Structure formats: C-alpha cells, structure tokens
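Below, each chain spelled out in residue letters.
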Number of protein chains: 4
Amino acid sequence: MYSFKNDYSEGAHPRILDKLIETNLIQQPGYGEDEYAKEAKAIIKRKIANELASVYFLSGGTQTNLLVLSFLLRVHEAVISAKTGHIYANETGAIEATGHKVISIDTINGKLTPDDIIKTLNEHALAPHVVKPRIVYISNSTEIGTIYTLLELQALYGCCQENHLLLYLDGARLGHALTAANNDLSLSDLGKYCDVFYIGGTKNGALLGEAVIFNKPELAMDFEYAVKQKGALLAKGRVLSVQFLELFKDNLYFQLAQKANSYAMQIAKAIKEKGYSFLTDSTTNQLFPILPKSLIQVLSQKYQFYIWKEIDHDYAAIRLITSWATEEEQVVNFIDDLKTFR
Amino acid sequence: MYSFKNDYSEGAHPRILDKLIETNLIQQPGYGEDEYAKEAKAIIKRKIANELASVYFLSGGTQTNLLVLSFLLRVHEAVISAKTGHIYANETGAIEATGHKVISIDTINGKLTPDDIIKTLNEHALAPHVVKPRIVYISNSTEIGTIYTLLELQALYGCCQENHLLLYLDGARLGHALTAANNDLSLSDLGKYCDVFYIGGTKNGALLGEAVIFNKPELAMDFEYAVKQKGALLAKGRVLSVQFLELFKDNLYFQLAQKANSYAMQIAKAIKEKGYSFLTDSTTNQLFPILPKSLIQVLSQKYQFYIWKEIDHDYAAIRLITSWATEEEQVVNFIDDLKTFR
Amino acid sequence: MYSFKNDYSEGAHPRILDKLIETNLIQQPGYGEDEYAKEAKAIIKRKIANELASVYFLSGGTQTNLLVLSFLLRVHEAVISAKTGHIYANETGAIEATGHKVISIDTINGKLTPDDIIKTLNEHALAPHVVKPRIVYISNSTEIGTIYTLLELQALYGCCQENHLLLYLDGARLGHALTAANNDLSLSDLGKYCDVFYIGGTKNGALLGEAVIFNKPELAMDFEYAVKQKGALLAKGRVLSVQFLELFKDNLYFQLAQKANSYAMQIAKAIKEKGYSFLTDSTTNQLFPILPKSLIQVLSQKYQFYIWKEIDHDYAAIRLITSWATEEEQVVNFIDDLKTFR
Amino acid sequence: MYSFKNDYSEGAHPRILDKLIETNLIQQPGYGEDEYAKEAKAIIKRKIANELASVYFLSGGTQTNLLVLSFLLRVHEAVISAKTGHIYANETGAIEATGHKVISIDTINGKLTPDDIIKTLNEHALAPHVVKPRIVYISNSTEIGTIYTLLELQALYGCCQENHLLLYLDGARLGHALTAANNDLSLSDLGKYCDVFYIGGTKNGALLGEAVIFNKPELAMDFEYAVKQKGALLAKGRVLSVQFLELFKDNLYFQLAQKANSYAMQIAKAIKEKGYSFLTDSTTNQLFPILPKSLIQVLSQKYQFYIWKEIDHDYAAIRLITSWATEEEQVVNFIDDLKTFR
C-alpha cells in the first residue's frame, strides 16, 4: 500500500536531519533565543522584503492559528472564515476554545472576496447583540487546493483596511500555492498585502514547524508571552529554527513544494485525459477527482487516500495529496492503474 | 563560556537522531496513529506496570500541564500547587488562561504534604464563594531539585483519594528523580500512586516530547479531542513517538538522567567541601549553592548559570544544572575553579 | 408613539411590585437562600411534576444560556442550535466566549428535528479533528414565534437520548408557547421531555428573572459555584424568587402570556384579512408580517417596531411584539390604522 | 433572631421601590437605552466631576469585577490584588475563569501600597515565563472595613501611571468609605485618581446594581459588547438605572451609608469600652471584634453574624455588619447585651 492520504506521512527532508545532527551538540540558549533562530528570521524577513516584520517559530498549524487569533482578538471580536477554512472545519473548535466565534461563509472555491466581507459586516450591525468582526482568515493554498491571485489578495486586503479589519493568511501549504503554475504571488507580496501570515513547514519538508510573521511589529508586541502561555514555547527552540534555516537558506522550501505540485499535476492530467472531472479547481498538491466507485475500489487496493464526498450512486470524490517525499515510481504506477481501468 | 544554565542547551541524544533518520522515509499515519507510537506506548505501559493506562505524547511541559488540568477540571474547580510549582511560578498563567485558579501553598522544600491539602480544603469550605479544589499538582523532582519518597507519595495519594481529589505528577525531570541516590520510587509506583503523570523527555535527551500517562483510562476518555483543540496534536506524531521508543526500549532514559545527577553530585560535593551551603536539599541535577558574590563573579567569567536569589550583602544563591549532554571535562574544570578560589 | 418593539418595554406586573414591597424589610439570608426561593422552587417543581428537579433563579436569558451550557459541556464538546437560535444569532458570542462552538443548522421554521441532529452527528464523525456535539439547544416559542408540539418534543428528546446528547430548552417565552392556541404541551411535559429548561420571567411580567430547571438533579451538582463564578449570584436573591413566587403561586404567569398572545392574534387576524402574508407561522406574541413599505411608513409614524427583513422593492417584513403590558386601546388603534390603509 | 450578618438582608430603600412603581408602566427602550439611564449617568458624571467618563449599570460586584478586568486585560496580562481582595478570596475564581491570573499580596490592613506594586513588578520580570501585571485592584472600603486616604490613593495611582498599570477600584461599599469619620476622599477624587471604579448599590440600599465608571472613555470603547456577552445586559435596564437615579438625585446614597457607619461605630465604641480589641481597624460598617467565645455564645442566641476567625482557645473574631436597614432598636439591644455580659 502506498499513501496519497496527506503530505505528512514521512519525516523530514534529509538535509534538515543533517542540519539537526550537525548543530546537535552546540550549546544554545533555550526558548527561541538560539542563534539559528536569529539567522532564520533574518533570512525570512529578507525574502518577504519586510525588515520590520516580527517572526516566530511554532510547532503546528492549529497551534499557530489559535495563538495568532486569540492574541489579536479582544473578547467581543470574531474572525471571518470560509466554511472550508481549517479553523472552522478541522480544528476541534480551537478558536472558539479561546473564546471567539468563527463566522463562517459559504464559498464556491474556498476563497473569500470583498463582497463576502461587506455582506458579513452588514449582517453584524446590530451592536452589541452580535460579535464584532475583526479578523479575516484565509488560507493559501486553500483547504481544497485553490490559490489566491495577487489581484484577489490586494482587493481583500484593501477591503480589510477600509473596514478596520485585520487580514490573516494561513500558509500551511504556502509553498504549494506560490509554486503553482497559475500563481502570480511572491513571498514579498505576502510581506505587504496582509497583516499576519504563516509559512508552513510541517507539510513541506520539516519534521514540524510553522513560521508566523507579523508584518506590522506593533501587532506582535508581547506575543512571546502568549506563545509561552499556550504551551507553544519549546525549550529547545532550535528544533524549529534549524529547520527553517535549512529550508530558506537557499531555495529548498520552494523546490520541495514545486516537486509535490508537479506530481499532483501529472496525476491530474491523467485523470482529465481519462475524462473525469474534479470537485475543485486545484492547481496545487491536493486533488479532489470525482471517480467511479468501481475505480475507487480498484485503486484502494494499492493506494491509501480519503473518500472525500459521496457524489451520487456511482461516483464519489476522493482526496489525493502529493508531497516532497512522494515517490515518482508510485505516481507512475498510480497513473498506469488509472489508465488501464475500464 | 560553558553553560550550566539548564538541561536543554543541546539537541537530542545521538541515538535518538539516528532513529529519526532510520525511520524517516517510512510512511506512517499522521496525528499519533503511527506504529512507533503503538510500540512506545506498549513499552511504557509495561514499565509502569499498568497495562490499562492511556498514554499520549505531547511536545512540552507547559503544554502537558495545561492540557491535563483543563481537561480534568470542571469550570469551578481548581488545582493545588506548591508556590514553587512550575504551573504557579513559570508558565505565564497557562492554567489560569484555561479558566482555573491555581491555589498556591508555601512549602519549605517544594513538596506538598497531606497536611497542606487538608488545610487548603478547610480554607475552601465556604461554597459556593470559593473555588472547589479538585486536583493536587506535584513535581518530581521538584523545581528546586528535591524528590518524593515512596511513603510521601503514598500518603499524599491516600489523602487525595479520601478527599475526592486527583493527584497529578509533573515529571519534567522524572528521570532525575528516579535515579537520585536517595530515591526509593520506581516507574511502577508512579503507575499506581497517582492518577496522571508525565515522563519528561525534553530535559532528558529528547529533542522535544513528554509522555503523559493516565493511570485510569476513564479519565483519558476523549483526551485526543483536547490535544487537537489546544494545538498539541502533531501531524507528524512520529517525531515524538520515535524518541520515546528509543529512550525506553532499553534503559537509555535512566542512564542519561543518572549521568546528569552524577555530575551534579560531584559539583555538590566540591561545594560542600569548600564549606558552602545550599538553598535547597537537592539530590538531583539542579543545585542551588549559596556562594560568595566574589566567587560568583569569578565563575561567571567562564560559566553561564542563573543568579537565583540575593541572600545578603556578600552572598547569593545560583542555580547550576547538569544534563545527559554535560561535558565531563567542564565539570572537572568547574570544580577546579571552585577549589582554587580563595 | 407606541412601541410594539418588544416585550420588555415596561417594568413588572403590579402584583410583583406589591409583593416586593410587602416582603421588603423582612430579613432574609443572601445568595438565593431566602425562604421565598424555597417556596417558589417547591411550587415550580410541583407544577412541572418533577419533585427531584433542581431549580435556580437567574437574571436573564443570555446569562442562563451561557451558564447552563458552559457548566454542562466539557472543553471539546459543542452545542447544536438552529441558525435563528438566540445563542447563535443574538448573544454576542456568549457561548463561544465560554470556549464552545455553536454548531448552527438552517431551518425553515426555527425548529430542530431528529433528522437535523442525525445529519449533524454524521458531519462530526472525524474525531478528534472536529468538536463533539453534546447538547441540543432549542427555544420554545422560537425566536420567530413558532412552537413545538408534544410529538415533536418527544421525538427530539428520544433522538437525543439515543445519541448521548442532552436536550436544553430555552423558555425565554415559554409562557407564550404554552398558551398558544395550537399548543399541546404542558409544564409537566417540560419536566419530562428535556434535560434542562428555563422558564422566562423577564419577557412575561417580571422585572428580571429566569428560572432554570435541571430535570435530572445530578446534572446540577455544584451548579451554584458556576452561578457565583459567572457573576450571576445576586446578593439579594429575593429579588428573583419573590417574583417567581408571585407569578406561579396561582396562574398569573400564564394569564399574562395568554393576554399577550391574544393581542398578537387579533393583530394577525387583521393583517390576514387585509391580504398580507407572514414570514413565519407564528401563533405566539411575535409576528413577522410582510407589508408594503408604504404601509410600514405610515405605521411607523405612530408605532415603534423592528424592520426585520427586506423582501423586495416594495415589501419588507416587520416584527411586532405584544406583551402582558400591551394596552388594548393601542391594539385597536393599530388594527384600525391597518384597515384604513389603502 | 436579628441578623448582623451582612448588608443585603433586606430589600431596597422604600424610596427606590416607590420610584420603580412610579415609572413602572412608562414604555422605555431596552438594554440600557432608557431615559432614566441617561439621567442617572449625567448625574453621576457631574458628581464625580468627570463629564467625559463612561458609565454603565451592572447587577452585582462579581459581575462588575469580571467584566471590567476581562475586558481590559489582554491574554497574558494579570491583575494585582490584596489577599483579602474580593476577587482573590470570594469570587469562586471568577477572574481566573476569564483567563487571567490574580497575583495576590499579603497586607496588614487590606490595602495595597506603591511598595507592594514595585515588589510585584520586580518578581514578574522574567518575561515571557510569567504573566505581565497590568491592573491594580483595590477595594474601598476594603473587605475588612479599612479605607484609603487621599494621599494613599494618589500615591498608588501615581505609581500605576509610572509603571503602565491601570488602577481599578472596587466600590462595593464606596458609600461607607466616603462617609467614614476618618475619610478625606470625595467622589470627585475617584473621578480623578483611578482609571475605573464602581459605585456599589447592592450593599447600600438598592435591590441590586452597581455603577461602573471608566474615567477615560477610550478604555470603555465597545464595553457594551462585553456586557452583553457575559450575560450582564438586562433587557429591562431600567431596573438598575431607576435605582441609581433615586440614590443619586439628592444625597440619599450617602445618607444611607452614613447611617450604617453610625450604627457600626456605636457598637464599636461599646466593644472598646468593654475592653475588647479588633482584628482590623475598621471605621466603616464592617466590624471584626475579638470576643470571648462565651460572649459569642451568648450573643448568638439572639443575633446572627459570621464567626470570622479562631484566635485562640478562648477568643474568636466575629464579623458584624450594619446597613441602611439596620434597626436602631436592635443596635441598642446588642449593645445592652454586650454591656451586661460578664
């Protein structure tokens, strides 16, 4: 059995493990004060073209989301998210557990638009009987594989700024978004057109780790207290910083994402050629093909993946995910098995 | 400069890194469902002689404490801790942030007794105007290096059971406690004489990781939801389980702690021989010697450590910590520097 | 200007004020231990035919909802509500502020059905990545004036019991529900076919006050701690208990609700006769007629009410509410103004 | 039996009930928007000589404390209180339940000094491992009957301002403080030398109600959302505003407190003349005399009061409280019974 279930089935990229070994016995201050953190933060700030930014390394996506949102929201404030948004659908009420409502919005493609925001604000006008929207949460790539264009991001950020809202971008799969064929966003756009975002490591080559970036340092003031309070401050912060140092000291982070996308697009092409359609218009490493159940049955003999959604009596959508660690041979096999199905 | 500041200045024990490399590319289910987790949990349950226990791997001590306590406490319930307890003194209000008061108790040696508990219960009799004590939190070894004897633990647990209280033991440095010269507790006693405890990995050889054990599985029912909700469920749970597998598959965990203690005791012996006293009666890897400020000044030229407490005009207490990674040569140097001071 | 905006525009029914005066200087224990509380609780338990129930008096609906739900839910558990439910739509995230997600469900008439519940459970199967539904929240009458029948309530409660869910009924306007023409529920059914419910006083004659009833006393164990902790334990608890004593010592509570319904039905009849329709099929004291904007314009010269919803270019729905204190003369005037509109 | 147990054994001052009746059937907007609220707020702002202040009416002291503190504190911030402070000792962890640590300080007389504050700040220097003190909470009169002088309040406020701390004053018994014989503070000092304070109604003649005042309106921005969210926004806000209107439209509030103090001082004088001492140096309506247990035994045949503290084998301290409703005859009786004891 080979798994296309997710992009965290393996450990870390070998270069990361090598770097952990190389630095292993060098004494360092604890709690994120290590020299690797300083170095990695400097590199990231350079790459996003925002030297004033504040960067922190955290362990996972849910942890990052709940920390950022609970830190920035006051008691009566809420966050707006697509219904497919990770904070709404997949985090066991993590945001609500910090005391804040997640206002959910139906979308076609997992993306929010200025119109969605304006409509939501209008629906929350009856102060003080409703929560006060304060943050807009988006993911790029989204949880269903789609990506934001530069124009879309700029429009959304503009809308946020006009309405006293903060824009927070969940970049659990930011590498995959920025290396998609149809992408026109760069890291430096992220440093400009949102208030806070994070660069996901866990799903793109790291053992664990996300780098959260506050583009406006005043928003980050005292954030380290919150990190400690929520149990997210690692004694050996080096575990995270060394990995980001290795991923960003050259282009490794994007190479890995590019590879994952490439495998996904090969599979997508084969699926299309076979005449099947997709639930979502993904251009990244998550695919949601709608396949005959008989084919799904055949594939599930050799491959692991999620059955995503019942479509009708004969068809269902599945989720296929590739990663930096996906084996080319398995991609070829999968495509072959697809082609030979009749 | 050599650091005796803490026991997390280095990375992981080399055997752990080797194991991470060895298992790195083997596909595994995410979120703690990997085969290494199953194996490591089985070993731990065997070693604590409690096959019914529920074991979870988490990333750090504060995370573990806040997860266990917030999961077990109802809204109006509180936890009792020594004033020196990590949850009271060093976790940025992590427990209060989950909604619960930490009732603090002055102690001489960082340890709680049945008398402390009874007194606290009496002081919280005026229901419903006061919180209801429900959990007793202790650390072994304590934050000031002392340890509990079997009799002390049994007495405390008996008191808890008689008073409808749960006993939770923070084992961030449990290895050091169980390998202290004056220790008479075993892992299997821990599996018996408390309700929940954790075995600390971060401060004893792991990159990161704590193994929390619910001795009564009914207390752990649904705990995985809480782990996810608080951002503590690693996508690549293997990062934690592989380390515990390596630490516990033989006696590595205790060998490492034993080594740290041994270095500390060598230093302690030299300090005593020099005629200095200690703030606390530590038999583990944390020492709190009271030294002339002139000596502290000399030592701080070559070694890093915390100035713990001003004693008087001429003396201060410092904190020295050794670990599995402490270099023998540096211990020898330190003792030499101590001896030659006049 | 006369207000049909809500059912809390006036103070208390005169009999309640008289009773407050009569008992005013009699010394009583504080914090809900007064003799009036004992007496009022006994009467209520008799009327709901559940002598084992636990009764508490609280100040308002949002306070009651957040107290009951946060007390009964564990950290990872959630409550299911109609989208029109007060806890979802009108309480400024009060439930989320206590750490719990409100799972919202689209409904036609503001009521939940067993099918809704089963569907929601199925959508929350991916443990531990989603919250765990634990309580079903319903209102009777609903926020849009509709009511539950006995069969509907029994079916819902049966479904809850089969699925390890608690059923909680918000009775802010329970009096109006139980005195509606099409009602077949009695107070004693409430004492049987849900786990917790409350009888609303504020919207039916009291100055303030809601009586929350735990049908199963074990659910209420320690509830008084939570009441105090959330700032809901009045030093002079008599303020609440005296009012409920007066409302329930005879049939006053239902007489007042009946009167409010009667006025509403008179208005509804006139609206129907005029040929207008309604947004919801209300049989209680809240009406949502869809009227020509020109008529709304005319009415708003003399009466206050909410413009509820834009329907189209020419029509909008308004909300009209009557109460025990509504003046008959104003009802007559309103109907006249309606009839003479052309 | 006559009760000296507290100052909330009776209902409201008759003038308040009269006013409730007088205004009872006049329609008013709900949720604190009634005209009585406007009027009462204007009067209060004039009396505290701060026209810019923001005033809100709430139901009780614990509710007020938790609302103000949770609204003003960010997640990692804490409040400093005397160990005798109501928020630390008597509110069932209400503040911690909103996520914030209450840092407690031992005091002799229930009052905090600039030295206490500076010491606490020094003890919380190890960021980010400790909470960040942000608010200083004091009570006037204190929970043990003592009061602050103008100089003390000014010194404390100065210290707060120098250290980026807010000063919040709990005035549950502010009337009693400001009418004490040794008082030199006025309402207008309160409007100047703290950031937020509240004027207690419940313990001084109101059925229920506290008026919270933000001296700096920017601190109160959006506070009404929090009031609603925590279940503290009464639909019939008039219940509170009418009472404060009556209490403050002339000098009634202070007359009532003055009367309570006067009774207490008569009793205190008799106790002193009898040769007994006091646990605290109260000049307000709470007395803590240390009496022979045999005398306590005698008194408890006719009067209710709290046994406050065991002193030794023969003596205990009791708490006696007088109020606006205390009957003069009972004070005379009590003094007689005291005098005739031998």
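Residues numbered from 1 in each chain as written. Chains lettered and ligands numbered in written order. Predicted model: local features only at pLDDT ≥ 70, side-chain atom pairs only at ≥ 80, totals over all residues. Heavy atoms only, no water.

- As named in an unreviewed UniProt entry, chain A is Threonine aldolase, taken from Sphingobacterium zeae.
- Regarding chain A, the relevant UniProt record gives this comment under Cofactor (unreviewed entry): "pyridoxal 5'-phosphate".
- As its UniProt record puts it under Sequence similarities (unreviewed entry), chain A is described as follows: "Belongs to the threonine aldolase family." (UniProt positions renumbered as here; feature names shortened; annotations may be inferred.)

1. Here we look at the interface of chain A and chain B
Here comes step 1: Contact with chain A, which involves 46 residues of that partner, is made by 46 residues of chain B.
Here comes step 2: Regarding the contact of chain A and chain B, the summed buried area is about 3800 Å², with carbon and sulfur atoms giving 57% of it.
Here comes step 3: A per-residue breakdown of the area chain A buries against chain B is headed by Tyr8(A), Gln27(A) and Lys236(A), which together make up 19% of the total.
Here comes step 4: For the interface between chain A and chain B, the tally reads 0 salt bridges.
Here comes step 5: Inspection of the chain A/chain B interface yields 26 residue pairs in polar contact (both at pLDDT 80 or more).
Here comes step 6: Elements represented by at least two residues in the side of chain A that touches chain B include exactly strand S1 (2–3), helix H1 (14–23), helix H3 (61–72), helix H5 (94–97), helix H11 (223–229) and helix H12 (238–248) of chain A. (Contact = heavy atoms within 4.5 Å. Buried area = accessible area lost by both parts, 1.4 Å probe. Salt bridge = Lys/Arg side-chain N within 4 Å of Asp/Glu carboxyl O. Polar contact = N/O pair within 3.5 Å; in protein donor to acceptor, adjacent residues only side chain to side chain. Helix = DSSP H or I, 4+ residues; strand = E, 2+ residues; numbered from the N terminus.)

2. Comments concerning the sheet that holds strand S2 (residues 54–58) of chain D
All names here are of chain D.
Here comes step 1: Reading across from one edge, S2-S8-S7-S6-S5-S3-S4 is the order of the 7 strands in this open sheet, with mixed pairing throughout. The sheet is open, and its two edges are formed by S2 and strand S4 (102–105), each paired on a single side. Averaged over neighbouring strand pairs, the angle between their axes works out to 25° when direction is ignored.
Here comes step 2: Against the sheet, helix H12 (residues 238–248) makes contact with S2, strand S7 (196–200) and strand S8 (210–214), and its axis sits at roughly 115° relative to S2, the strand it touches most. (Pairing = 2+ DSSP bridges. Axes fitted to C-alpha atoms, helices over the stretch in contact; angles between N-to-C directions.)

3. Side note on the pairing of strand S3 (residues 77–82) of chain C
All names here are of chain C.
Here comes step 1: In terms of residue burial, S3 counts as a mostly covered element, since 6 of its 6 residues are buried.
Here comes step 2: Residue alternation in S3 divides its side chains into two sets, Glu77, Val79 and Ser81 and Ala78, Ile80 and Ala82, and both sets are buried.
Here comes step 3: Two strands pair when backbone bridges link them, and S3 and strand S5 (residues 132–139) are joined in this way by 5 bridges, in the parallel orientation. When the bridges of S5 are listed, glutamate 77 appears paired with lysine 132.
Here comes step 4: As paired strands, S3 and strand S4 (residues 102–105) are joined by 4 bridges and run parallel to one another. Its bridge partner being in S4, valine 79 is matched across the sheet by valine 102. (Buried < 20%, exposed > 50% of the residue type's maximum accessible area, 1.4 Å probe, protein only.)

4. Some points on the relation of the copies chain C and chain A
Here comes step 1: For the match of chain C to chain A, the screw axis carries a shift of 0.0 Å, the RMSD comes to 0.0 Å, and the turn is 180°. Taken together, the rotation and translation describe the operation of a two-fold axis.
Here comes step 2: Of the residues that chain C buries at the interface, 100% are likewise interface residues in chain A, meaning the two copies contact each other through the same surface. (Least-squares fit on C-alpha atoms with pLDDT ≥ 70 in both.)

5. So, the environment of Asn285(B)
All names here are of chain B.
Here comes step 1: Structurally, asparagine 285 can be placed in the loop between strand S9 (277–278) and strand S10 (286–287).
Here comes step 2: When its relative accessible area of 0% is taken as the criterion, asparagine 285 is described as buried.
Here comes step 3: Sequence separation between asparagine 285 and glycine 231 is 54 residues, and the spatial gap between their C-alpha atoms is 31 Å.
Here comes step 4: The contact partners of asparagine 285, leaving out residues within four places of it in the chain, are Asp7, Arg173, His176, Ala260, Asn261, Ala264, Leu320, Ile321 and Thr322.
Here comes step 5: At 2.9 Å, the side chain of asparagine 285 forms a polar contact with the side chain of aspartate 7.

6. Let's talk about the sheet that holds strand S5 (residues 132–139) of chain B
Residues and elements named next belong to chain B.
Here comes step 1: The sheet built from 7 strands is open, its strands ordered S2-S8-S7-S6-S5-S3-S4 with mixed pairing. The outermost strands of the open sheet, each flanked by one partner alone, are strand S2 (54–58) and strand S4 (102–105). The average undirected angle you get between the axes of adjacent strands in this sheet is 25°.

7. Regarding helix H2 (residues 35–47) of chain C
All names here are of chain C.
Here comes step 1: For H2, built from 13 residues, the straight-helix expectation of 18 Å at 1.5 Å per residue is met to within 8% by its first-to-last C-alpha distance of 19 Å.
Here comes step 2: Contacts from the buried residues of H2 go to helix H1 (14–23), strand S2 (54–58), strand S7 (196–200), strand S8 (210–214) and helix H12 (238–248).
Here comes step 3: One or two residues past the end of H2 sits alanine 49, with phi positive at roughly 55°. (Expected span 1.5 Å × (residues − 1).)

8. A closer look at a nonpolar patch on the surface
Here comes step 1: On the surface, a nonpolar cluster with roughly 490 Å² of combined accessible area is contributed by Leu126(A), Leu279(C), Tyr306(C), Trp308(C), Ile311(C) and Tyr315(C).
Here comes step 2: Note that Leu279(C) resides in the loop between strand S9 (277–278) and strand S10 (286–287).
Here comes step 3: With relative accessibility at 32%, the residue Leu279(C) sits in the partly exposed group. (Patch = residues over 30% accessible without salt bridge, like charges linked within 9 Å, V, L, I, M, F, W, Y side chains within 5 Å. Areas by Shrake-Rupley, 256 points an atom, 1.4 Å probe, with all protein chains shown as cover.)

9. Brief notes about the environment of Tyr168(C)
Residues and elements named next belong to chain C.
Here comes step 1: With respect to the helices and strands, tyrosine 168 occurs in strand S6 (residues 166–170).
Here comes step 2: Tyrosine 168 sits in the buried class, given a relative accessible area of 1%.
Here comes step 3: If we ignore the near neighbours within four places in the chain, the residues touching tyrosine 168 are Thr64, Asn65, Val68, Leu69, Ile135, Val136, Tyr137, Ile138, Val196, Phe197 and Tyr198.

10. Regarding the state of the cysteines
Here comes step 1: If you walk through the whole model with that rule in mind, you get 0 disulfides over all chains.
Here comes step 2: Among the cysteines around Cys194(A), which has no disulfide bond, Cys160(A) carries the closest sulfur, lying 9.8 Å off. (Disulfide = S-S within 2.5 Å.)

11. A word on the interface of chain C and chain A
Here comes step 1: Counting from both sides, the interface comprises 15 residues of chain C and, opposite them, 15 residues of chain A.
Here comes step 2: Regarding the contact of chain C and chain A, the summed buried area is about 1400 Å², with carbon and sulfur atoms giving 49% of it.
Here comes step 3: Among the residues chain C hides against chain A, the three largest losses belong to Thr92(C), Glu96(C) and Lys101(C). Together they make up 38% of the total.
Here comes step 4: Inspection of the chain C/chain A interface yields 0 salt bridges.
Here comes step 5: Here chain C and chain A share 8 residue pairs in polar contact (both at pLDDT 80 or more) between them.
Here comes step 6: Of all elements in the fold, only helix H4 (86–89) and helix H5 (94–97) of chain C reach the threshold of two or more residues within the side of chain C that touches chain A.
Here comes step 7: When the residues that make up the side of chain C that touches chain A are grouped by side-chain class, the tally is 6 nonpolar, 6 polar and 3 charged. (Nonpolar A, V, L, I, M, F, W, Y, C, P; charged D, E, K, R; others polar.)

12. Some thoughts on the environment of Ala127(C)
Here comes step 1: Here Ala127(C) shows up in the loop between helix H6 (114–123) and S5.
Here comes step 2: In this structure the C-alpha to C-alpha distance between Ala127(C) and Asn140(C), which are 13 residues apart in sequence, comes to 32 Å.

13. A look at the pattern of salt bridges
Side chains that differ in sign of charge can pair as their charged atoms come close.
Residue and element names in this part refer to chain A.
Here comes step 1: Scanning the model with the defined rule gives 52 salt bridges over all chains in all.
Here comes step 2: Measuring nitrogen to oxygen at the nearest pair gives 2.8 Å for the salt bridge that ties arginine 15 to glutamate 246. Remark: glutamate 246 occurs in helix H12 and arginine 15 occurs in helix H1; sequence separation between them is 231 residues.
Here comes step 3: We classify arginine 15 as partly exposed; its relative accessible area is 24%.

14. A word on the domain arrangement of chain A
Residues and elements named next belong to chain A.
Here comes step 1: Domains assigned within chain A are domain 1 (2–7 + 253–339) and domain 2 (14–250).
Here comes step 2: Opposite the 18 residues of domain 1 that make contact, domain 2 presents 27 residues.
Here comes step 3: Summed over both partners, the interface of domain 1 with domain 2 comes to about 1800 Å²; 55% of that surface belongs to carbon and sulfur atoms.
Here comes step 4: Of all residues in domain 1, Asp7, Tyr253 and Phe254 bury the most surface against domain 2, accounting for 38% of the area lost on that side.
Here comes step 5: Where domain 1 touches domain 2, the interface holds 1 salt bridge. (Domains from an automatic or database assignment.)

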